[in-house]
Amino acid sequence: MTEDVLKTRLLDRHMKEVFDWSDSNIPVRDAIWDYFMEKNGKNTLKTEEDMLPFLKDSDDKIEAFVNENLKK
């Protein structure tokens, strides 16, 4: 498996598989997307721009972001 694939694996896992506080079946990637869509007033282009760093971020950074911004 290439390094790029390893970097994005967490994004493709279900929220409840990664976070013990979540019971959601949607992938982490979709949860982050939904967060930014709401934050950006449903502006798809702005949301795409906000999502790009997550494709390169480490799992630790992604987990920290989700815990800080999506945990209810």
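Residues numbered from 1 in each chain as written. Predicted model: local features only at pLDDT ≥ 70, side-chain atom pairs only at ≥ 80, totals over all residues. Heavy atoms only, no water.

Moving on, we get to the environment of Lys 16. Here Lys 16 is to be found in helix 2 (residues 15–18). Relative accessible area serves as the criterion here: at 44%, Lys 16 is assigned to the partly exposed category. Distance in space between the C-alpha atoms of Lys 16 and Pro 27 is 8.8 Å, their sequence separation being 11 residues. Contact partners of Lys 16, with chain neighbours within four places excluded, come to Ser 22, Asp 23, Ser 24 and Asn 25. (Helix = DSSP H or I, 4+ residues; strand = E, 2+ residues; numbered from the N terminus. Buried < 20%, exposed > 50% of the residue type's maximum accessible area, 1.4 Å probe, protein only. Contact = heavy atoms within 4.5 Å.)

Next up on the list: the nonpolar core. Across soluble globular proteins, nonpolar side chains show a tendency to be buried alongside one another. Ranked by internal contacts, the top residues of the largest apolar core, which has 15 residues, are Val 28, Ile 32, Ile 62, Phe 65 and Val 66. Contributing elements (two or more residues each) for this core: helix 1 (3–12), helix 2, helix 3 (28–39) and helix 5 (59–69). Looking at which element gives the most residues to this core, the answer is helix 3, with four residues. With near-sequence residues (within four places) excluded, Phe 65 lies in contact with Ile 32, Tyr 35, Phe 36, Phe 54 and Leu 70. (Core = buried A, V, L, I, M, F, W, Y, C linked by side-chain atoms within 4.5 Å.)

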